[in-house]
Amino acid sequence: MRQKTTKRNFKKKNEYFFDYSLLFIVLFFLGFGMVMVYSASSYDASTSALMNYDPAYYLKKQAFSTILGLVAMFVVAFIPYHFWERFASLSYVVSAVLILLVLTPLGYEANGARRWLRVGISVQPAEIAKLAMILFLASMICRMGKAIRTAKGFWAVIAVPVPICLMVWKITDNMSSAIIIFGIAFLMLFVASPDYKRFIGIGVTGATLAAVFVIFLTRMDSMEGLGFRSNRILAWLNPENYSSGTGFQTLQSLYAIGSGGIFGKGLGQSMQKLGFLPEMQNDMIFSIICEELGLFGGICIIMMFILLIWRLMIIASNASDLFGALLVVGVMAHIAIQVILNIAVVTNTIPNTGISLPFISYGGSSVMFLLIEIGLVLSVGRGIQLKDG
């Protein structure tokens, strides 16, 4: 018996990790998101000739994008993540080219903004740029090694996202995506760099400039001659004063949240979606969640996002190498920034800007490329070895 036991002990195997908890959370968000997209958009779609009076119009499009995204996610999850490292530089260039193509006949305008490409399916280049930035910076930081600690290395990494951010902002008129792309780069550098003094300096400088700009705007006598983003800041400070214009969406969002109470009016019972709240299936879907499911439902969704971020942190901290860890950190930064900014906009904590809620808001490009990013995370997780015994 002892000899058999000894032989068994020598047959120790290294098993590979797969995060089923992360997969379950993502699938929950996808399912919940499609339910809320249908609930938020069914009335608007059923009364519009552009949607063929089909209440499930938005749901069908979201389901198609979700299925494509899930297929891509599982394919990416079972490909070793180092395979993508060789395409890091190419992805950066391709993302820049795709943004430029928005200016060509391939680009088209929707909801007053020219941000999409028609290449068989509708694609938003800004979403591709987010994924490309994660890949490129993870590869770049690994190649730099200890040079990341020098001032030259630090500012070189800071400079990398600037051209893409400017292109996304100026060409596609999408400042929110530009902020997210820069935020991804900033947080990846924050994790990789041991010198936090530079980050404190940048943070203090940025906050000071923002405060000075807001104070300057509040001293203006009127909104005439200001850009629409400046108008949004004034509407953020006093939405009631601009209730018929820039502050309308914000006020309707707050009405939806307030009328939901603790437990909400019930799924599908929102009043604000009946033509009062613009973009209710997109940027403002969290307000519909709060109206129908109440403060309780809103907090549950926030807790689920916190759980998702925690699972990403677990994988990043146990990744087998720096490249894998940085990939996960980039995905974590993308999701965290987008969730925080979306909820902050909906609750009027920051000025209104178009930011979708990950996995839940309507948007084919967003959900597809988020799922590809989750596929990368699962691939990094599979590289974690679990020793048996």
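Not measured: the values here are computed from a predicted model. Counting restarts for each chain: residues are numbered from 1 in the order of the written sequence. Since the coordinates come from a predicted model, pLDDT governs what is reported: local features require at least 70, and pairs of side-chain atoms require 80 or more to be given and counted, while whole-chain, interface and lining totals use all residues. Remark: hydrogens and water are excluded; side-chain values derive from all non-hydrogen atoms of the structure.

## Quick notes on the pattern of salt bridges
Defined as follows: Here, a salt bridge means any side-chain nitrogen of Lys or Arg that lies within 4 Å of a carboxyl oxygen of Asp or Glu. Counting from the N terminus, the helices are the DSSP runs of H or I reaching at least four residues and the strands are the DSSP runs of E reaching at least two. Throughout this description, buried means an accessible area under 20% of the type-specific maximum (1.4 Å probe, protein chains only), exposed means over 50%, and partly exposed covers the range between.
This model, assessed by the stated rule, comprises five salt bridges. One salt bridge in this structure joins Lys 273 and Glu 292, with 3.5 Å as the shortest N-O distance. Separated by 19 residues along the polypeptide, Lys 273 in the loop between helix H11 (248–260) and helix H12 (285–318) and Glu 292 in helix H12 bring together distant segments of the chain. Taking relative accessible area as the criterion, Glu 292 reaches 1% and is therefore assigned buried.

## Details of the sheet that holds strand E2 (residues 107–110)
So the rule is basically this: Here, strands pair whenever DSSP counts at least two bridges between them. Each axis is a line fitted through C-alpha atoms, and for a helix only the stretch in contact is used; angles between axes span 0 to 180 degrees, taken between their N-to-C directions.
An order of E2-E3-E4 is seen for the three strands of this open sheet, with the pairing classed as antiparallel. Sheet topology places E2 and strand E4 (121–123) at the edges, where each strand pairs with a single neighbour. Recorded for the sheet is a direction-independent mean angle of 45° between the axes of neighbouring strands. With three bridges joining them, strand E3 (residues 113–119) and E4 adopt antiparallel strand pairing.

## Brief notes about the packing of helix H8 (residues 175–192) against helix H13 (residues 322–346)
This is how it is decided: When an angle is under 35 degrees it counts as roughly parallel; over 145 it counts as roughly antiparallel; between 65 and 115 it counts as roughly perpendicular; any other value is oblique. By definition, turning the near helix anticlockwise from the far helix through less than a right angle yields a left-handed crossing, and turning it clockwise yields a right-handed one. Residue contacts are defined here by distance: any two heavy atoms, one from each residue, within 4.5 Å place the two residues in contact.
Across the interface, H8 lies against H13 with an axial gap of 9 Å and an inter-helix angle of 135°. Put simply, H8 runs oblique to H13. Here H8 runs over H13; the crossing is right-handed. Of H13, the residues touching H8 (which contributes Ile 179, Ile 180, Gly 183, Ile 184, Leu 187, Met 188, Val 191 and Ala 192) are Leu 326, Val 329, Gly 330, Ala 333, His 334, Ile 337, Gln 338 and Leu 341.

## Focus: the packing of aromatic side chains
Threshold: Each aromatic pair joins two rings of Phe, Tyr and Trp (for Trp, the six-membered one) with centres within 6.5 Å, and gets the label stacked for planes under 30 degrees apart, edge-to-face for over 60, and tilted for any other angle.
Overall, the coordinates contain 20 aromatic pairs when judged by the stated rule. Taking the centre distance of 4.8 Å and the plane angle of 35° together, the rings of Tyr 92 and Phe 136 count as tilted. Taken together, the residues Tyr 92 in helix H4 (residues 88–101) and Phe 136 in helix H5 (residues 125–144) connect sequence positions 44 residues apart. The buried category is assigned to Tyr 92, whose relative accessible area is 17%. The class of Phe 136 is buried, set by a relative accessible area of 13%. Ring centres 5.2 Å apart and planes at 85° place the aromatic pair Phe 186 and Phe 199 in the edge-to-face group. Pair noted here: Phe 186 is in helix H8 and Phe 199 is in helix H9 (residues 197–218), with a separation of 13 residues, a long-range link. We classify Phe 199 as buried; its relative accessible area is 6%. Three or more aromatic residues joined by ring pairs make a cluster, and in this case those are Phe 154, Trp 155, Phe 182, Phe 186, Phe 190 and Phe 199.

## Quick look at the side chain of Ser 287
Along the chain, Ser 287 falls in helix H12. In contact with Ser 287, not counting residues within four places along its chain, are Ser 253, Ala 256, Ile 257, Leu 277 and Val 346.

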